[in-house]
Amino acid sequence: MRIVLLVAVLVIAGCDSQPPKTAADVNQIIRLADEAMHVVQKISAGAPAADVDAAVEQMNAALDTARAQIEAVGRRISVAKYYGRGSIDPRDLGACIDTVINTPLLGRMPNDIRGPLLMSTVECVSKMSAYFSLASGEDAAAVALAISVIDPLLMVAEAQGGVPAESRLADYRASSQEILAKLASECGDHPAGAEQMSYECAAYEVARSVEPKLATFAAELPTAQPAQ
């Protein structure tokens, strides 16, 4: 009986602990942000539909490249700490990120189809943000990585639906700044470009790279966007 219990404890511990993230992992998520800004820039500038479609294809390719990593992050979130009755169940967060990345959120579609997809994605990132504010350590870092994936997807999907990017971009920047603030004490001195790093420092590195790009993008973004 003691052996069985010990095995169970070791299995649970193994689920909670993840191998180090790599520079390649970090760059995959940064690329999603880069491609998202490229798509929104095209939409904002009133670029021809073919150019917007090509930019969306590049973003979908970036998502496909990162898919295995994102799915692993979702599984890690699913075994994060549950804070009790009335709190957000991390299993729901793992399920919602899986739904987001496996739903055809990007691309041309009628607004009556896009609308519900956007609403469920907004709800997902809202729950992620609420959980992140409570969590710590690798739990918080895994959620931070998920937010860093969902925010650019949502920004593009809303822009494709004709929603001005300013509000979502402000939320995206606020999320990145919150990640930097929360993880700075552990990872602020972490060297940029390290080949291996903890979940915490991977999330920090993504935000550290993306935030100044978002700031520049926000300053250059046209105030009016034509609907696609």
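All values reported here derive from a predicted model rather than from experimental measurement.

## Description of the side chain of Lys21
Link 1 in the chain: With respect to the helices, strands and loops of the structure, Lys21 is situated in strand β1 (residues 21-22).
Link 2 in the chain: Classification of Lys21 by relative accessible area gives buried; the value is 5%.
Link 3 in the chain: Polar side-chain contacts of Lys21 include one of 3.2 Å to the side chain of Gln69.
Link 4 in the chain: Those residues in contact with Lys21, other than ones at most four positions away along the chain, are Gln69, Val73, Leu145, Glu195, Gln196, Met197, Ser198, Tyr199 and Ala202.

## Some remarks on helix α8 (residues 199-220)
Link 1 in the chain: Helix length check: α8 (22 residues) gives 32 Å between terminal C-alpha atoms against 32 Å at 1.5 Å per residue, within 8%.
Link 2 in the chain: If you look at α8, its biggest bend is around 25°, right at Val210, and the proline Pro212 turns up within four residues after that.

## Some words on the packing of aromatic side chains
Any pair of aromatic rings gets described here by the distance separating the centres and the angle formed by the planes.
Link 1 in the chain: Taken as a whole and assessed by the stated rule, the structure comprises one aromatic pair.
Link 2 in the chain: Between the NZ or CZ atom of Lys182 and the centre of the ring of Phe132, over which it lies, the distance is 4.7 Å.

## Topic: empty space enclosed by the protein
Link 1 in the chain: Using the criterion set out here, one finds one cavity of 30 Å³ or more in the structure.
Link 2 in the chain: For the lining of the largest cavity, the secondary-structure elements that each account for two or more residues are α2 (23-44), α7 (165-187) and α8.
Link 3 in the chain: Classifying every residue of the lining of the largest cavity gives six nonpolar, two polar and no charged.

## Structural notes on the state of the cysteines
Link 1 in the chain: For the structure on display, the rule yields two disulfides.
Link 2 in the chain: Paired through a disulfide, Cys96 and Cys124 show a sulfur-sulfur distance of 2.0 Å. Its S-S torsion of approximately 60° makes the covalent link between Cys96 and Cys124 right-handed. With a gap of 28 residues between them, Cys96 in helix α4 (residues 90-101) and Cys124 in helix α5 (residues 111-134) connect regions that are remote in the sequence.
Link 3 in the chain: For Cys96, a relative accessible area of 16% gives the class buried.
Link 4 in the chain: Disulfide pairing places Cys187 opposite Cys201 at an S-S distance of 2.2 Å. Judged by the sign of its S-S torsion, about -90°, the cystine formed by Cys187 and Cys201 is left-handed. Placement of Cys187 in helix α7 and of Cys201 in helix α8 is noted, with a sequence separation of 14 residues between them.
Link 5 in the chain: What connects to what in the protein, once the bonded cysteines are numbered by sequence position, is 1-2, 3-4.

## Some points on the confidence of the model for the protein
Low-confidence regions, as indicated by low pLDDT, have predicted coordinates that should not be scrutinised in detail.
Link 1 in the chain: With 88% of its residues at a pLDDT of 70 or more, the protein shows a mean pLDDT of 86.
Link 2 in the chain: No element of the protein has a lower mean pLDDT than helix α1 (residues 2-16), which averages 42, and none a higher one than α2, which averages 95.
Link 3 in the chain: Between residues 224-228, whose pLDDT stays under 50, and residues either more than four places distant or in other chains, the model counts 16 contacts.

## With respect to the packing of α2 against helix α3 (residues 49-78)
Link 1 in the chain: Orientation of α2 relative to α3, taken along the N-to-C sense of each, is 160°, at an axis distance of 9 Å. Comparing the axis directions of α2 and α3 gives the class roughly antiparallel. The way α2 lies across α3 gives a crossing that is left-handed. Only Val52, Ala55, Val56, Gln58, Met59, Ala61, Ala62, Leu63, Thr65, Ala66, Gln69 and Ile70 of α3 make contact with α2, whose side of the interface consists of Asp25, Gln28, Ile29, Arg31, Leu32, Glu35, Ala36, His38, Val39, Lys42 and Ile43.

## A word on the pattern of salt bridges
Link 1 in the chain: Taken as a whole, this structure holds twelve salt bridges when the rule is applied.
Link 2 in the chain: Residue Asp89 pairs with Arg91 through a salt bridge whose shortest N-O separation is 2.8 Å.
Link 3 in the chain: Note on Asp89: relative accessible area 16%, which makes it buried.
Link 4 in the chain: The salt bridge partner of Lys127 is Glu123, with a shortest N-O separation of 3.5 Å.

## Some remarks on the packing of α4 against α5
Link 1 in the chain: Running from N to C, α4 and α5 point in directions that differ by 140°, and their axes come no closer than 10 Å. Comparing the axis directions of α4 and α5 gives the class oblique. Here α4 runs over α5; the crossing is left-handed. On α5, the residues touching Pro90, Leu93, Cys96, Ile97 and Val100 of α4 are Thr121, Cys124, Lys127, Met128 and Tyr131.
Link 2 in the chain: For the contact of α4 with α5, the class distribution of residues is eight nonpolar, one polar and one charged.

The rules behind the values
Residues numbered from 1 in each chain as written. Predicted model: local features only at pLDDT ≥ 70, side-chain atom pairs only at ≥ 80, totals over all residues. Heavy atoms only, no water. Helix = DSSP H or I, 4+ residues; strand = E, 2+ residues; numbered from the N terminus. Buried < 20%, exposed > 50% of the residue type's maximum accessible area, 1.4 Å probe, protein only. Polar contact = N/O pair within 3.5 Å; in protein donor to acceptor, adjacent residues only side chain to side chain. Contact = heavy atoms within 4.5 Å. Expected span 1.5 Å × (residues − 1). Bend = angle between axes of the 7 residues up to and from the residue. Phe/Tyr/Trp six-rings, centres within 6.5 Å; stacked < 30°, edge-to-face > 60°. Lys NZ or Arg CZ within 6 Å of the ring centre and 35° of its normal. 1 Å grid on protein atoms, 1.4 Å probe; cavity = no way out; pocket = protein on both sides within 12 Å on 5 of 7 lines; lining within 4 Å. Points joined across faces, edges and corners; volume = space filled by probe spheres on them. Nonpolar A, V, L, I, M, F, W, Y, C, P; charged D, E, K, R; others polar. Disulfide = S-S within 2.5 Å. pLDDT = per-residue confidence, 0-100. Axes fitted to C-alpha atoms, helices over the stretch in contact; angles between N-to-C directions. Parallel < 35°, antiparallel > 145°, perpendicular 65-115°, else oblique. Left-handed = near helix turned anticlockwise from the far one by under 90°. Salt bridge = Lys/Arg side-chain N within 4 Å of Asp/Glu carboxyl O.

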